[in-house]
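Overview (structure and organization)
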Amino acid sequence: VISDESFFPQTDFIDQMRVRTGWGKSGQRPVFRDAATYFSPVSMRVGTVESPAITVGGTGNPDLKPEVSTETEGGLEASLFKSRLTLEVTGYTKKTADAIVSQRLAPSLGVTTTRLVNLGQVKNKGIEALATVKILDMPDVDWSVTITGTSNRNQLVSLGTDAQGKPLPPIFFGFGSTQAHRDGYPLGGYFERKIASYADKDNNGILTRINCPTYAGTANPAMAGGPECEIVLSDSIEYLGSPIPTREATFNTSAGLFKYARISALLDLRGGYKIFNSTSEFRCTLGVPNCKEVYDKSLPLSEQARVVARRMGDEVGYIEDASFMKFRELALTLTAPKAWATRAKVDGLSITFAGRNLATWTDYTGLDPEVNANAGTNFTTSDFLTQPPVRYFTTRLNVQF
């Protein structure tokens, strides 16, 4: 408690100030089944008879070790202006060695498509902050606001080396293999060729391929910007963004009136990350297209360009910014006077009306940027025919005995 020390300047507005630091080391061990190759029972039809059979359920790695994380953090806590303002700030650095990562296996091995291995080193660093302000603090009226903010930078420092000491190649995964674990970038970062330029050269209002075959290298004149090509892609894949938010914030406010009514609201912000809008890709490029970008000349060329790029083998147009702000919740609680509760022979009585997911502000073109069709898979993020969070309203009666 640094404010208690004799060298700390005595002021009227600082009630208390603490500084803290910490160091820790922990591990995450694999589950027992990750070491063993096991089989799953299935049935197969031979002629007209169903026969029992097996398939490879998982490819084990007996050399798999626990991943070990070491973290150092430091922070500050302060209470100011007679506890009307509370501040907390924390900075941290976390390094993980022998990270457990899912590695793709060659189909020729005849086993599963992936297995877990220990690869390289991962680093996370960031800042967490919180501020609470008591705007009003009177016997019959109170109002407070709490704001939180976090930032995190994730980086794969090294993927590791093979038996000959050579750096391992990137591990590609995700829908369309658009994500990769690659040295120097966030885990699961998105990589694709970017759209270098586009133009309606025949003035028909619709971008088309026009002699732009699927990318075959920089020697392809159309891809290098040939005169008949209405869209030009970059020569090589480039980093597009992280699949995990790099910054988050919340705004929470609560106000009370005469101890009988309390209203609260919560705003939620996330930013600095991408999501693969596979739903739009599916509608626009597979089978018979049923999206406006293919037919509607009134749409901007930028929206048409991603369809054409996809037909050229590039999905960059569907890897979208997923930043959003949500009106997460609004609630009103009415508390009955003590006399009412006594008359009802209970200790307390209140009713709460609440609404959740009331509004979303985002530039994402899908239904909701918060969805993930691969929620059970680490780092893979995509929106593919996924149910978005629903808006709902609740009424809750609380009775205390």
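Residues numbered from 1 in each chain as written. Predicted model: local features only at pLDDT ≥ 70, side-chain atom pairs only at ≥ 80, totals over all residues. Heavy atoms only, no water.

**Structural notes on the overall build of the protein**
On a plain count of helices and strands, the protein comes out with 4 helices and 20 strands. Relative to the compact-globule value of 21 Å for 401 residues, the protein shows a C-alpha radius of gyration of 28 Å, a clear excess of over 25%. Along the longest, intermediate and shortest principal axes, the C-alpha atoms of the protein span 80 × 65 × 60 Å. For the protein, contacts bridging at least 24 residues in sequence account for 65% of all contacts bridging at least 6. Accessible surface for the protein amounts to roughly 23300 Å². Of this, 57% is attributable to carbon and sulfur atoms. Taking the average place of the 42 positive charges on the side chains of the protein and the average place of its 42 negative ones, the gap between the two points comes to 4 Å. (Helix = DSSP H or I, 4+ residues; strand = E, 2+ residues; numbered from the N terminus. Rg over C-alpha atoms; globule rule 2.2 N^0.38 Å. Contact = heavy atoms within 4.5 Å. Areas by Shrake-Rupley, 256 points an atom, 1.4 Å probe, with all protein chains shown as cover. Lys, Arg positive; Asp, Glu negative; His and termini not counted. Charge placed at Lys NZ, Arg CZ, Asp CG, Glu CD.)

**So, the packing of helix α1 (residues 278-285) against helix α3 (residues 301-311)**
One can describe the packing of α1 onto α3 by two numbers: an axis separation of 10 Å at closest approach and a directional angle of 75 degrees. In terms of their interaxial angle, α1 and α3 are classed as roughly perpendicular. Across the interface between the two elements, S280, E281, C284 and T285 of α1 pack against R306, V307, R310 and R311 of α3. Residues of the contact of α1 with α3, tallied by class, amount to 2 nonpolar, 2 polar and 4 charged. (Axes fitted to C-alpha atoms, helices over the stretch in contact; angles between N-to-C directions. Parallel < 35°, antiparallel > 145°, perpendicular 65-115°, else oblique. Nonpolar A, V, L, I, M, F, W, Y, C, P; charged D, E, K, R; others polar.)

**Things to note about the nonpolar core**
Within the largest apolar cluster, 10 residues are counted, these being Y190, L240, F276, C284, C291, V294, V307, V316, Y318 and I319. Those residues in contact with F276 that lie beyond four places of it in its chain are F175, T178, Y190, E281, E315, Y318, I319, T381, S382 and D383. Judged by nonpolar contacts, the second largest core, of 9 residues, contains V101, V117, L159 and L187. (Core = buried A, V, L, I, M, F, W, Y, C linked by side-chain atoms within 4.5 Å. Buried < 20%, exposed > 50% of the residue type's maximum accessible area, 1.4 Å probe, protein only.)

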